[in-house]
Amino acid sequence: MMPGILYLIPHSLGLPAQDPAQQLDWIIPQQVQALTARLPYFVAENAKTTRAHLKLLSQQHPLARPLQEIRIAELNVQTEAAQLPQLLQPILDGQDGGLISEAGVPAVADPGSALVRLAHQKGVTVRPLVGPSSLLMAVMASGMNGQSFAFHGYLPQDAAQRAKRMRELELRSRQEKQTQLFIETPYRNEALFKAFLQNCQPGTLLCCAVHLSLPDETVSTHTIAQWKKMALPDFQKKPCVFLMLAA
């Protein structure tokens with residue numbers, strides 16, 4: 001039996017409470033929505049979020065089977081490597097399936113990459129679908145170097161370690177003219193922002209890309225010296241991508 005196809009399914013970065021289905025059309029192509037609606041099996045970072053997403057899709061694209069009959073297995077930071085084969089097994093058995101993240105695209109800043117690697121090892125066709133990536137959208141809108149950039153995820157929470165790492169990456173950015181990208185748990189955005197102001201050089205550029213793709217999206221790029229004269233960005237409890245480029 002030929003294996004099925006593993007589709008990499010994009011998820012929204014968040015939706016407004018009013019008219020979410022209409023907003024989704026601005027973010028995820030209709031063809032991707034329709035393909036997602038026909039899949040019988042998903043590997044998801046969060047099953048509850050995925051069910052809500054499928055329920056929203058079903059308003060415009062009938063699901064291939066009732067929502068309660070669609071199998072959703074979870075793959076997150078708690079998943080052990082030994083569990084990956086059983087997550088891939090339905091696809092090896094000939095069923096098409098989708099890997100879907102909590103937000104944005106799977107396998108980028110997401111634990112799904114391990115399943116994708118196993119799929120390649122087992123000869124499964126992997127097809128990425130078009131959708132929002134907060135990291136790429138932030139690079140696009142920042143005005144920083146889009147030819148060379150690196151994503152570092154979370155910086156250390158310990159203040160001394162964070163400052164040391166931040167200065168190391170600022171030096172690397174200056175030497176290589178490379179944009180550095182970071183994320184943080186939303187309620188810690190202010191602490192990370194203030195750490196940039198405290199530890200980076202006055203001429204270093206810092207961008208805060210907040211609530212990307214949502215109605216209250218803001219993207220602002222200024223030097224550290226300029227930021228020190230301004231009010232805090234409105235980013236508390238909102239997903240934010242931080243970008244740094246040293247002069």
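The structure displayed is predicted, hence computed values, not measured ones.

A. Spatial organisation of empty space enclosed by the protein. Throughout the structure, instances matching the rule amount to 1 cavity of 30 Å³ or more. One number sums up the size of the largest cavity: a volume of about 30 Å³. Lining of the largest cavity is provided by V43, A44, E45, L75, L99, I100, S101, D110 and G112. Put simply, the parts of the chain that give the lining of the largest cavity at least two residues each are β2 (41-44) and β4 (97-100). Partitioning the lining of the largest cavity into residue classes produces 5 nonpolar, 2 polar and 2 charged.

B. The arrangement of unusual backbone geometry in detail. One non-glycine residue, A109, lies in positive phi territory at about 55°. Along the chain, the position of A109 falls in the loop between β4 and α5 (113-121). What makes A109 exposed here is its relative accessible area of 55%. Although it is not a glycine, H211 adopts a positive phi angle of roughly 50°.

C. Quick peek at the layout of surface pockets. What the largest pocket holds in volume is close to 650 Å³. Lining the largest pocket are 28 residues, and of these L13, A103, S134, I183 and P239 sit closest to its centre. Those elements that provide at least two residues to the lining of the largest pocket are α6 (134-142), β8 (205-210) and β10 (240-245).

D. Here's a closer look at a nonpolar patch on the surface. On the surface, L136, M140 and F149 cluster together into a nonpolar patch covering about 330 Å² of accessible area. Among the structural elements, M140 can be located in helix α6. Given a relative accessible area of 69%, M140 falls into the exposed group.

E. Structural view of the nonpolar core. Formed by 21 residues in total, the largest nonpolar core has its most connected members in Y7, I9, L39, F42, L54, I70 and I72. Residue assignment for this core shows that the elements contributing at least two residues are β1 (5-9), α1 (20-27), α2 (30-38), β2 and α3 (47-57). Sorting elements by how many residues they give to this core places α3 first, with 4 residues. Excluding residues within four positions of it along the chain, I9 makes contact with L35, T36, L39, F42, G98, L99, I100, S101, G104, P106 and L129. Core analysis: the next-biggest nonpolar cluster, separate from the first, contains 19 residues, C200, L206, V210 and I224 among them.

Calculation notes
Residues numbered from 1 in each chain as written. Predicted model: local features only at pLDDT ≥ 70, side-chain atom pairs only at ≥ 80, totals over all residues. Heavy atoms only, no water. 1 Å grid on protein atoms, 1.4 Å probe; cavity = no way out; pocket = protein on both sides within 12 Å on 5 of 7 lines; lining within 4 Å. Points joined across faces, edges and corners; volume = space filled by probe spheres on them. Helix = DSSP H or I, 4+ residues; strand = E, 2+ residues; numbered from the N terminus. Nonpolar A, V, L, I, M, F, W, Y, C, P; charged D, E, K, R; others polar. Buried < 20%, exposed > 50% of the residue type's maximum accessible area, 1.4 Å probe, protein only. Patch = residues over 30% accessible without salt bridge, like charges linked within 9 Å, V, L, I, M, F, W, Y side chains within 5 Å. Areas by Shrake-Rupley, 256 points an atom, 1.4 Å probe, with all protein chains shown as cover. Salt bridge = Lys/Arg side-chain N within 4 Å of Asp/Glu carboxyl O. Core = buried A, V, L, I, M, F, W, Y, C linked by side-chain atoms within 4.5 Å. Contact = heavy atoms within 4.5 Å.

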